[in-house]
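Listed below are the residues making up each chain.
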Amino acid sequence: MQARQLMAASLFLLGFLALAGYALDRAFLDVASDGQRDRLRNYVYAYAGEIEFLRSGDIYPPENAPDSRLERPGSGLYAEVVLLDRNWQSHSASGPQLPPAAMLDGGEERFEGPLPMVRSNGTPGEVYRYGIGFLASEGVAPGDVEIPYTIYVMEDAGNVPQQVRVFRAALWGYLGIAGLVMLLLQGLVLRWSLWPLRHVVTELKRVQRGQANRMGERHPRELEPLTDSINALIESERENLEHQRNTMSDLAHSLKTPLAVLRARLDSDTDGAELRDEVSTQLDRMNDLVSYQLGRAASSGHKLFAAPVDIEPHAEQIVRGLEKIYARKGVICEFELDPVARFHGEPGDLQELLGNLLENAFKWARSRVLLTVKVGDTAANRRPGLRITVEDDGPGIPEERIAMVLQRGVRGDERVHGHGIGLSIVQDIVRSYRGQLEVGRSQEFGGACFSVSLPPGL
C-alpha cells in the first residue's frame, strides 16, 4: 500500500513539477521579452528627446548617447533613424549589417524580433528591434511640411537566450532538488500515516502465533471499526470452539455411565433375555443423551457478518407444521411483523429460535398465539437490532418458576411430554448473539410472554 501510494504521489509530483517548470519558463520568457521591449522603448524616447533637425532637414544627432554601447562599433546595441531619403545610424552600427528598416507612420510603434543580421565578423546573428514613428516640427521653417522620421533601437538577441539558459538551468536544478525533498518527505509522511496499519498487522501476527488473545484496545479512531470487528470475530470463534469442546466433553461424560453398565452386564452371568432388555434400555438412554447434546450444539452456528434473513417465510413454515400437530386444540397464530425487520445470523439459529418459542406457545396456549417482530435498538454505523416476542393465552409461568424453566432438562409441567431443553436452547442462542431473553406475562392474552432482544450488530 505504501509503495502504491508513493508511486502515485511521485507520478503526480513529477507531472506537477513539469507543468510548473514549463509555466515558469514561459513566464520568464514573457518577462524577459517585455523587459527588453521596455528597455528599447526607453532608448527610443531618449533619442527622440535629443535629436534635432536643421532648416535644411539634416539631422543633428545627440552629443551623448543614452548608452555608451551605442558609441562602440559592434557592441550589440544599435540605433538608426530612418528618413524619407536617407538613414542615420549610431557608431555601434558600423560594421554589422542590420535588417532593413521601414518608415512608420507618426505615433506608430512596432516591436519585432528576433530578426536576422550579420555581425562585424561575418557570422549570422539576430536582433530585437523597437521603432516609433515621429513628425519633425522643431527647426523647420514656418509653412514648411513637417518631416516624418522613425527611430529604431536594436539589441543583439544573444542576451535573452543567455538569460533564458541561465534561468532554465537554475529553474530545473531547484525544481529537481525540491522534487527529491518532497518525495523524501512524502515517503516519511506515508510511513508515519500507515504506521497504525503496520501495528495492526503486527498484532494480527501475534494473535496468529498464539502470543496474544485479541487485538489491542488503543488504535486510531479510523481503525477502531476494523479492530473491533476482528476482536468480535476472534471472540466469536473462540466461544464457538469452546462450545464445541464442551459439547463433546459433556457427550463423552454422559455416555460413560451407560457404557459402564453394559460392560458390567456383559461380564456378569446375566441371561440372554435380561441382557437384551438392559441393552435396549441403555441404548434408549444413549439415544436420548445424543439428542440432548445435539440440541446443545444447535446454538453453536452463530457466525458474524451473516446475510440478513427474512423472518416471515421461516415463521410461516414453522406455524404450518405446528398447526397440524396441534390441530385438535384449534390454536390460531397471528403475526405482527415489521416488513423491514431482518435477522442477521444463521438461518438454522432463526429456525431453532422461532421453532422452540412457537412450539412452547402452541403447547400451552388455549386458542391464540401472537408472534411480534420489530426493529430493535439502533446505533451509529451498526446494523439495527431485533426484537421477537411470542405470546399465548395459556396459564402462563409463575414468576418464581421462570429461572427454573430456563434450566436445561427442566419442564414446566412434568405431566406434559417433552425433554425440557427447548427454552434452554433458545437461551443459548440468544446468549451467543449477545442478546437477552425475558420471560413474563402477556398483557394482551394473560398467558406467557417470551421476548428476545438482539443488540445492534457490527
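Higher on the page you've got the structure.
Residues numbered from 1 in each chain as written. Predicted model: local features only at pLDDT ≥ 70, side-chain atom pairs only at ≥ 80, totals over all residues. Heavy atoms only, no water.

> Please clarify how the overall build of the protein chain should be interpreted in this entry.
Counting its secondary structure elements, the protein chain contains nine helices and 14 strands. Looking at the protein chain as a whole, 38% of its 458 residues qualify as buried. A sequence separation of at least 24 residues applies to 63% of the contacts in the protein chain between residues at least 6 apart. When the accessible surface of the protein chain is summed, it comes to about 26,700 Å², and 54% of that surface belongs to carbon and sulfur atoms. (Helix = DSSP H or I, 4+ residues; strand = E, 2+ residues; numbered from the N terminus. Buried < 20%, exposed > 50% of the residue type's maximum accessible area, 1.4 Å probe, protein only. Contact = heavy atoms within 4.5 Å. Areas by Shrake-Rupley, 256 points an atom, 1.4 Å probe, with all protein chains shown as cover.)

> So what exactly am I meant to see when it comes to the packing of aromatic side chains here?
By convention here, two paired aromatic rings are described through the distance between centres and the angle between planes. On inspection of all chains with the given rule, the structure shows seven aromatic pairs. Taken together, a centroid distance of 6.0 Å and an interplanar angle of 10 degrees make the contact between Phe111 and Tyr128 stacked. Placement of the pair is Phe111 in strand 5 (residues 109-118) and Tyr128 in strand 6 (residues 124-136), with a sequence separation of 17 residues. On the accessibility criterion, Phe111 (28% relative accessible area) is partly exposed. A centroid spacing of 6.1 Å and a plane angle of 45 degrees characterise the contact between Phe111 and Tyr130, whose relative ring orientation is tilted. Of the two residues, Phe111 is situated in strand 5 and Tyr130 in strand 6; the sequence distance between them amounts to 19 residues. By way of ring pairs, the aromatic residues Tyr45, Phe134 and Tyr149 are connected into one cluster. (Phe/Tyr/Trp six-rings, centres within 6.5 Å; stacked < 30°, edge-to-face > 60°.)

> How should the pattern of salt bridges be read in this particular structure?
Note on pairing: side chains with opposite charge can pair once their charged atoms come close. Within this structure, the stated rule accounts for 11 salt bridges. Between Arg110 and Glu108 there is a salt bridge; the shortest N-O distance is 3.1 Å. Across the pair Arg387 and Glu438 runs a salt bridge whose closest N-O atoms are separated by 3.9 Å. Remark: Glu438 occurs in strand 13 (residues 436-441) and Arg387 occurs in strand 12 (residues 386-392); sequence separation between them is 51 residues. For Glu438, a relative accessible area of 35% translates into the label partly exposed. One network of salt bridges, with partners in common, ties together Arg39, Asp67, Arg69 and Glu155. (Salt bridge = Lys/Arg side-chain N within 4 Å of Asp/Glu carboxyl O.)

> Help me understand the nonpolar core in this model?
If you look at soluble globular proteins, the nonpolar side chains tend to sit buried side by side. Counting 41 residues, the largest nonpolar core has Leu354, Leu358 and Val369 as the members making the most contacts within it. The set of elements that each furnish at least two residues to this core consists of helix 6 (311-325), helix 7 (347-364), strand 11 (368-375), strand 12, helix 8 (402-405), helix 9 (422-432), strand 13 and strand 14 (448-454). Excluding residues within four positions of it along the chain, Val369 makes contact with Val331, Ile332, Cys333, Glu334, Leu358, Ala361, Phe362, Val390, Glu391, Asp392 and Phe445. (Core = buried A, V, L, I, M, F, W, Y, C linked by side-chain atoms within 4.5 Å.)

> Hey, could you run me through the sheet that holds strand 9 (residues 332-337) in this one?
Two orientations exist for strands paired in a sheet by backbone hydrogen bonds: parallel and antiparallel. Strand order in the open sheet formed by five strands is 9-11-12-14-13, and the pairing between neighbours is mixed. Both outer strands of the open sheet, strand 9 and strand 13, are each paired with one neighbouring strand and no more. Within this sheet the neighbouring strands show an average axis-to-axis angle of 15 degrees, counted without direction. Judged from the six bridges that link them, strand 12 and strand 14 form a sheet pairing that is antiparallel. Pairing of Ile388 across the sheet is with Val452, part of strand 14. Where helix 6 meets the sheet, it contacts strand 9, strand 11 and strand 12, and its direction lies at approximately 175 degrees from that of strand 9. (Pairing = 2+ DSSP bridges. Axes fitted to C-alpha atoms, helices over the stretch in contact; angles between N-to-C directions.)

> Explanation requested: the pairing of strand 12 in the structure shown.
Each regular strand displays side chains that alternate between the two surfaces of the sheet. With six of seven residues buried, strand 12 is to be regarded as a mostly interior element. Summarising the sheet, strand 11 and strand 12 pair through seven bridges and their orientation is antiparallel. Bridge pairing in strand 12 places Leu371 opposite Val390.

> What should I look at first to understand the sheet that holds strand 6 in this one?
Strand order in the open sheet formed by five strands is 4-3-7-6-5, with antiparallel pairing between adjacent strands. Edge strands, defined here as strands with exactly one partner in the open sheet, are strand 4 (87-89) and strand 5. Direction aside, the axes of adjacent strands within the sheet are offset by 25 degrees on average. Here eight bridges tie strand 5 to strand 6, and the two strands are oriented antiparallel to one another. Its bridge partner being in strand 6, Val118 is matched across the sheet by Pro124.

> What am I meant to see in the environment of Val309 here?
The residue Val309 is located in strand 8 (residues 308-309) in this model. Accessibility expressed as a relative area gives 9% for Val309, which makes it buried. Put simply, Val309 and His344 are 35 residues apart on the chain and 6.1 Å apart in space, counted from C-alpha to C-alpha.

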